[in-house]
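# Observations on the model geometry
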Amino acid sequence: MTIQRAAELIGGARHGLALTGAGVSAESGIPTFRGAGGLWTRYDPVKVASIEYFMADPSAYWNVSKDRGRVALAARPNPGHHALAALEAGGRLVAVVTQNTDGLHQDSGSRTVIEVHGSSRTVQCLDCGNREPRSEVQARLDAEMPPRCGICGGTFLKPTVVLFGEPLPQAAIQQAFALARQADVMLVVGSSLVVYPAAEIPLVATRSGAKLIVINAEPTPFDELAAVVIRGKSGEVLPEIVELIDG
Ligand code: OAD
């Protein structure tokens, strides 16, 4: 039984680490990027999510970002997020490294969350540096496009997410790789594992001796490295694993 084996490995972990991707938030109603119904099946990511595109036309960026932002702000953690928080609280995970920017891990009670692609809950003015909650900017998008900075009036208000062409937050990346090198169990959930350097985190962990567990709806390029591959929904599989460990 693969779920049983995953529970044994995670239950015995002394330095377990999780890496999550958009699939973990799919059951909260936030569409993934790739795979069935993914955002990048409708839009060209290099166009709508690159810093060049944003700088050339912030309105065009916000016109796409507006809908996703509304959905993400209304979303609530699902049983997959809660199960990861329970694994951390029980000492099975030291941290959740996430490519997601939606803040749902923090909302579900995970304490050590390393956001390697930034956070969409905050917006920053590229002119004066002022930061505002995304919820406040989101509320005025219908009346103001592009949104203007509340301090300097500038029109380059950008969510604090990493767009294509931007550097990653170095402290978060370094922390994630340091934890990967120490991990004895590496759990990857809901990621296609095609975006680097995040996809290298499980590679570094397995090279350092960690057992890899992949829980994803579709195959990933790292499945053959894994001790356990579970093809399923994280909101169903993770609570079962917690139940097997704690129940
Ligand atoms: P992707 O959209 O590439 O992959 C999500 C994966 O989750 C897919 O392989 C799906 O099959 C799987 N999936 C969908 N629903 C699931 C569920 N309920 N349970 C488990 N798995 C499920 O998302 P990421 O790998 O996170 O980057 O994408 C990485 C990066 O690409 C994102 O952070 C974003 C994007 O461009 C930036 O914005 C910088």
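For the structure itself, consult the block above.
Attention here is on the structure that accompanies the text.

## A short note on the overall build of the protein
Along its length, the protein carries eleven helices and nine strands. Against the compact-globule benchmark of 18 Å for 247 residues, the protein has a radius of gyration of 18 Å, which places it among compact chains. Seen through its principal axes, the protein has C-alpha atoms that stretch 55 × 30 × 30 Å. Looking at the protein as a whole, 53% of its 247 residues qualify as buried. Partitioning the intrachain contacts of the protein with sequence separation of at least 6 by distance along the chain shows that 68% fall at a separation of at least 24. Seen as two clouds, the 22 positive and the 25 negative side-chain charges of the protein have centres 1 Å apart.

## Quick word on the nonpolar core
Of all hydrophobic cores here, the largest spans 28 residues; its most connected members are L17, V97, I114, V116, M186 and I201. Elements supplying a minimum of two residues to this core: β1 (16-20), β2 (95-98), α9 (170-182), β7 (185-189), α10 (200-207) and β8 (211-216). Considering each element in turn, this core owes the most residues, six residues, to α9. Membership of the second largest hydrophobic core comes to 24 residues, among which are I3, V24, V237 and L238.

## Let's talk about α9
The terminal C-alpha atoms of α9 lie 19 Å apart, and with 13 residues this matches the ideal 18 Å at 1.5 Å per residue to within 8%. Looking only at α9, the buried set comprises A172, I173, A176, F177, L179 and A180. Seen end-on, α9 carries its buried residues on one side only, within an arc spanning 160 degrees. Exposed and facing more than 90 degrees away from the buried side of α9 are A171, Q174 and R181. Looking at the buried positions of α9, the neighbouring elements they touch are β1, β2, β3 (113-115) and α10.

## Re the packing of aromatic side chains
Inspection of every chain in the model, using the stated rule, returns three aromatic pairs. With a centroid separation of 5.2 Å and an interplanar angle of 85 degrees, the aromatic rings of F54 and Y61 are classed as edge-to-face. Like F54, the residue Y61 is buried in the burial classification. Here the aromatic rings of Y61 and W62 are separated by 5.9 Å at their centres, their planes lie at 85 degrees, and the arrangement is edge-to-face. Judged by its relative accessible area of 7%, Y61 falls in the buried class. Ring pairs connect the aromatic residues F54, Y61, W62 and F156, which therefore count as one cluster. The ring of F33 is capped by R68, whose NZ or CZ atom sits 4.6 Å from the centre of that ring.

## Thoughts on the sheet that holds β3
Taken in spatial order, the six strands make up an open sheet running β3-β2-β1-β7-β8-β9, and their pairing is parallel. The sheet is open, and its two borders are formed by β3 and β9 (228-231), each paired with just one other strand. The mean inter-strand angle of the sheet, taken between neighbouring strand axes irrespective of direction, is 15 degrees. Inspection of the sheet shows β2 paired to β3 by three bridges, in the parallel sense. Bridge pairing links V97 to I114 in β3. Together, β7, β8 and β9 form the strand contacts of helix α1 (residues 2-11), whose direction differs from that of β9 by roughly 130 degrees.

## Quick notes on the sheet that holds strand β4 (residues 118-125)
Ordered by their spatial adjacency, three strands build an open sheet running β5-β4-β6, and the pairing between neighbours is antiparallel. Looking at strand neighbours, the two that pair on one side only are β5 (131-133) and β6 (157-161), the edges of this open sheet. Pairwise comparison of adjacent strand axes, ignoring direction, gives a mean angle of 40 degrees for this sheet. With three bridges joining them, β4 and β5 adopt antiparallel strand pairing. Bridging across to β5, V123 finds its partner in E132.

Calculation criteria
Counting of residues starts from 1 at the beginning of each chain's written sequence and follows it residue by residue. Totals for whole chains, interfaces and linings use all residues, but because this is a predicted model, local features are given only for residues with pLDDT of at least 70 and pairs of side-chain atoms are given and counted only at 80 or more. Based on all heavy atoms of the structure, the side-chain values leave hydrogens and waters out of the count. Helix numbers and strand numbers start at the N terminus; a helix is a DSSP run of H or I with at least 4 residues, a strand a run of E with at least 2. As a reference, a globule follows 2.2 Å times the number of residues to the power 0.38, and the radius of gyration itself is taken over C-alpha atoms. Three exposure classes are used, based on accessible area relative to the maximum for each residue type with a 1.4 Å probe and protein chains only: buried under 20%, partly exposed in between, and exposed over 50%. For this analysis, residues touch if any pair of their heavy atoms sits within 4.5 Å. Neither His nor the chain termini are counted; the positive set is Lys and Arg, and the negative set is Asp and Glu. Every charge is mapped onto a representative atom, which is NZ of Lys, CZ of Arg, CG of Asp or CD of Glu. Note on terminology: a nonpolar core comprises buried Ala, Val, Leu, Ile, Met, Phe, Trp, Tyr and Cys residues joined through side-chain atoms within 4.5 Å. For a helix, the expected span equals 1.5 Å multiplied by the residue count minus one. To obtain the arc, one takes the directions from the helix axis to the C-beta atoms. Between 30 and 60 degrees the pair is tilted, below 30 it is stacked and above 60 it is edge-to-face, where a pair is any two Phe, Tyr or Trp rings, Trp via its six-membered ring, whose centres lie within 6.5 Å. Lysine NZ or arginine CZ positioned within 6 Å of the ring centre and within 35 degrees of the ring normal marks a charge as sitting over the ring. In short, DSSP must find at least two bridges between two strands for them to pair. Only the stretch in contact is used when fitting a helix axis, every axis being a line fitted to C-alpha atoms; angles between N-to-C directions are given from 0 to 180 degrees.

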